[in-house]
Amino acid sequence: MADYYGLEAIAQRMGLSRPAISWRIDHVGFPVFRQRRPGKVRSQRDSRRCYYTNDAMILAWQLARTKEELDALR
């Protein structure tokens, strides 16, 4: 299971642009939360919290969205 830190990494994983991921976070409930990057803090940038998600969270979201869409067709 891969972890994705930052909008750029998440967008690359999903095959979308950063604005598209931001829109999904705000309007469709894309699963992310704010977390500090792992590893040693060497600079101010390292201590900032960024968007985080992983493959399991993305898969659960995709399955839930698919179920919602199938239920809407019935």
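Structure: see above.
A brief look at the structure comes next. (Residues numbered from 1 in each chain as written. Predicted model: local features only at pLDDT ≥ 70, side-chain atom pairs only at ≥ 80, totals over all residues. Heavy atoms only, no water.)

**As for the overall build of the chain**
Then step 1. Broken down by element type, the chain carries four helices and three strands.
Then step 2. Expected size for 74 residues packed as a compact globule is a radius of gyration near 11 Å; at 14 Å, the chain overshoots this value by more than 25%.
Then step 3. Counting only C-alpha atoms, the chain reaches 55 × 25 × 20 Å along its principal axes.
Then step 4. Sequence separation of at least 24 residues holds for 52% of the intrachain contacts in the chain that already meet a minimum separation of 6.
Then step 5. Carbon together with sulfur atoms contributes 51% to the accessible area of the chain, which is approximately 5400 Å² in total.
Then step 6. Here the chain carries 14 positive and 8 negative side-chain charges, and the mean point of each set is 8 Å from the other. (Helix = DSSP H or I, 4+ residues; strand = E, 2+ residues; numbered from the N terminus. Rg over C-alpha atoms; globule rule 2.2 N^0.38 Å. Contact = heavy atoms within 4.5 Å. Areas by Shrake-Rupley, 256 points an atom, 1.4 Å probe, with all protein chains shown as cover. Lys, Arg positive; Asp, Glu negative; His and termini not counted. Charge placed at Lys NZ, Arg CZ, Asp CG, Glu CD.)

**Observations concerning the environment of G6**
Then step 1. With respect to the element layout, G6 can be found in the loop between β1 (3–5) and α1 (7–14).
Then step 2. Residue G6 is classed as buried on the basis of its relative accessible area, which comes to 10%.
Then step 3. For the pair G6 and R36, spaced 30 residues apart in sequence, the C-alpha to C-alpha distance is 9.9 Å.
Then step 4. Ignoring any residue separated from it by four or fewer positions in sequence, one finds G6 in contact with R37, C50 and Y51. (Buried < 20%, exposed > 50% of the residue type's maximum accessible area, 1.4 Å probe, protein only.)

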